[in-house]
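Residues per chain, in single letters:
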Amino acid sequence: MAEMTLEDVQALGEKTLADNGCNAENAAAVARTMTAAERDGAHSHGLFRLPAYVKGLREGGSNGDADPTVEQIAPSVLRVHGQEGFAPLALERAKGPLVKLAKEQGVAMCGLTRIRHFAALWPEVEMLAEQGLVGMAMTAAVPYVAPAGGREALFGTNPMAFAWPRPDGGVLAFDQAGSVLARGEVMIAARDGHKVPEGTGLDKHGNPTTDPAEILDGGVQLAFGGYKGSSISLMIELMAGAMIGEVFSFEAKETAVPGCPFNGGEFLLAIDPSKSAGGAFLEHGEKLLGKIEDMEGARLPGARRHANRAKGGPVEVSDKVLAAIAAL
Ligand code: NDP
């Protein structure tokens, strides 16, 4: 492992992307997302992702010059046209209009289209909660996950995130894949020769396996929580696909280049609870959150990441990851 400051992580991300065809604005936005992931100890979405972003620029048709635009298509509905670029710049551009609309209307949604989302979802819901809003986000992917009882990949690893504002300016946030493990976790386990938990996936013959290499070699991942999680993945496909005029995971596969970020959509929802509940919602929410914080053995989702964030770096980055980046 090598120790790096957050400034070094940002600079390495920006330079590597700029050297490989990203304009300065896109390179900085993607690097901010990777740096935030490293800062929060979410390494599977940190610099580990950089080689695949570069592969997307070189071979996967990702548009390093994307200039995302935001359009209001109904009184409380926005659409972002992502121009086949990486999601971070599209999300940064969506933030201001979405916050403004949610505060005017009480609720506003945003469909991000033609983007390549290759990151965690907590940055976008946290940016909404930091503005006093409740945020929800969902995105599909490419097919890695079989529906409950099935053996063929149909759903993406479909993450869903939620954030709630707190009185001290902090946020509660959860962000979870629809699969037992995120794809990146399966890839890291395969790279490092570790087993994955039972229930993570099936091999290419449809047999349960704890060997990540067998899951990646023609096998499938499984949704968390059996048929209940499978239904949540189904909902995410519909919300981040048909509902915003975008592709399902199995449709995204048609244009996806293996190992590269793929095209798709993201559903974002922002709600202003001061409109629906009045000013007391923050204190009321704290009563519930405080009970979890005070309960032995329990913790709030996001607490691990936020504790890492409070340290402010430096962070440890794998030598293997840095060697792969140096080759770029
Ligand atoms: P985890 O299972 O590691 O964590 C899911 C959530 O549960 C986190 O909010 C985590 O908080 C919380 N949590 C974990 N342990 C506990 C606990 N004991 N008590 C309370 N809360 C807990 O994440 P996943 O592997 O499911 O997903 C990883 C990432 O992958 C996500 O950020 C997701 O957005 C991303 N992803 C992106 C995709 C894409 O296409 N862009 C596809 C699939 C996934 P904490 O972080 O504080 O531990």
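Above this text you will find the structure in question.
Below is a summary of the structure that appears in this document. On a predicted model such as this, the values are computed, not experimentally measured, just so you know.

1. A word on the sheet that holds strand 10 (residues 208–209)
Reading across from one edge, 6-11-9-10 is the order of the four strands in this open sheet, with mixed pairing throughout. Each of the sheet's edge strands pairs with one partner strand only, and the pair in question is strand 6 (145–146) and strand 10. Sheet topology note: the strand 9 (residues 201–202)/strand 10 ladder contains two bridges and is antiparallel. Across the sheet, residue Leu202 finds its bridge partner in strand 10, namely Pro208.

2. Considerations on empty space enclosed by the protein
What the rule picks out here adds up to one cavity of 30 Å³ or more. Approximately 70 Å³ is the volume attributed to the largest cavity. As for the largest cavity, its lining consists of 13 residues, and the residues nearest its centre are Thr139, Ala140, Asn263, Gly264 and Gly265. Secondary structure elements with two or more residues in the lining of the largest cavity: strand 4 (107–116) and strand 12 (264–271). Across the lining of the largest cavity, the residue classes tally to seven nonpolar, five polar and one charged.

3. Considerations on the site of the ligand
Residues in contact with the ligand amount to 18 residues; listed here are only the nearest, His45, Ala119, Asp175, Ala177 and Arg304. Across the complex, the protein chains shield 74% of the 920 Å² of accessible surface that the ligand would expose by itself. Among the secondary structure elements, those contributing two or more residues to the shell around the ligand are strand 8 (171–176) and helix 12 (303–311). Grouping the constituent residues of the shell around the ligand by class yields nine nonpolar, five polar and four charged.

4. So, the packing of aromatic side chains
Given two aromatic rings, one states the distance between the centres and the angle between the planes to describe the pair. One pass over the structure, following the stated rule, counts six aromatic pairs. Taken together, a centroid distance of 5.8 Å and an interplanar angle of 85° make the contact between Trp164 and Phe281 edge-to-face. Within this pair, whereas Trp164 is found in strand 7 (residues 160–165), its partner Phe281 is found in helix 11 (residues 281–294), the two being separated by 117 residues in sequence. When the ring of Phe248 is compared with that of Phe250, the centres are 5.9 Å apart and the planes differ by 15°; the resulting orientation is stacked.

5. Comments concerning the packing of helix 4 (residues 87–105) against helix 5 (residues 122–129)
Remark: helix 4 packs on helix 5, axes separated minimally by 11 Å, with the N-to-C direction vectors making an angle of 30°. Considering the angle they form, helix 4 stands roughly parallel to helix 5. Of the two elements, helix 4 crosses helix 5, and the hand of that crossing is right-handed. Facing Leu91, Lys95, Leu98 and Val99 of helix 4, the residues of helix 5 in contact are Glu124, Met127 and Leu128. Grouping the amino acids of the contact of helix 4 with helix 5 by side-chain chemistry returns five nonpolar, no polar and two charged.

6. Topic: the sheet that holds strand 12
Read across the sheet, seven strands follow the order 2-3-4-12-5-7-8 without closing on themselves; strand pairing throughout is mixed. What marks the edges here is a single partner per strand, and that holds for strand 2 (69–74) and strand 8. Direction aside, neighbouring strands of the sheet carry axes that sit 15° apart on average. Here five bridges tie strand 2 to strand 3 (residues 77–86), and the two strands are oriented antiparallel to one another. Counted as the bridge partner of Thr69 is His81 from strand 3. Helix 5 rests against strand 5 (134–139), strand 7, strand 8 and strand 12 of the sheet, and its axis sits at about 20° to strand 7.

Conventions adopted
- Residues numbered from 1 in each chain as written.
- Predicted model: local features only at pLDDT ≥ 70, side-chain atom pairs only at ≥ 80, totals over all residues.
- Heavy atoms only, no water.
- Pairing = 2+ DSSP bridges.
- Helix = DSSP H or I, 4+ residues; strand = E, 2+ residues; numbered from the N terminus.
- 1 Å grid on protein atoms, 1.4 Å probe; cavity = no way out; pocket = protein on both sides within 12 Å on 5 of 7 lines; lining within 4 Å.
- Points joined across faces, edges and corners; volume = space filled by probe spheres on them.
- Nonpolar A, V, L, I, M, F, W, Y, C, P; charged D, E, K, R; others polar.
- Near = heavy atom within 4 Å.
- Areas by Shrake-Rupley, 256 points an atom, 1.4 Å probe, with all protein chains shown as cover.
- Phe/Tyr/Trp six-rings, centres within 6.5 Å; stacked < 30°, edge-to-face > 60°.
- Axes fitted to C-alpha atoms, helices over the stretch in contact; angles between N-to-C directions.
- Parallel < 35°, antiparallel > 145°, perpendicular 65-115°, else oblique.
- Left-handed = near helix turned anticlockwise from the far one by under 90°.
- Contact = heavy atoms within 4.5 Å.

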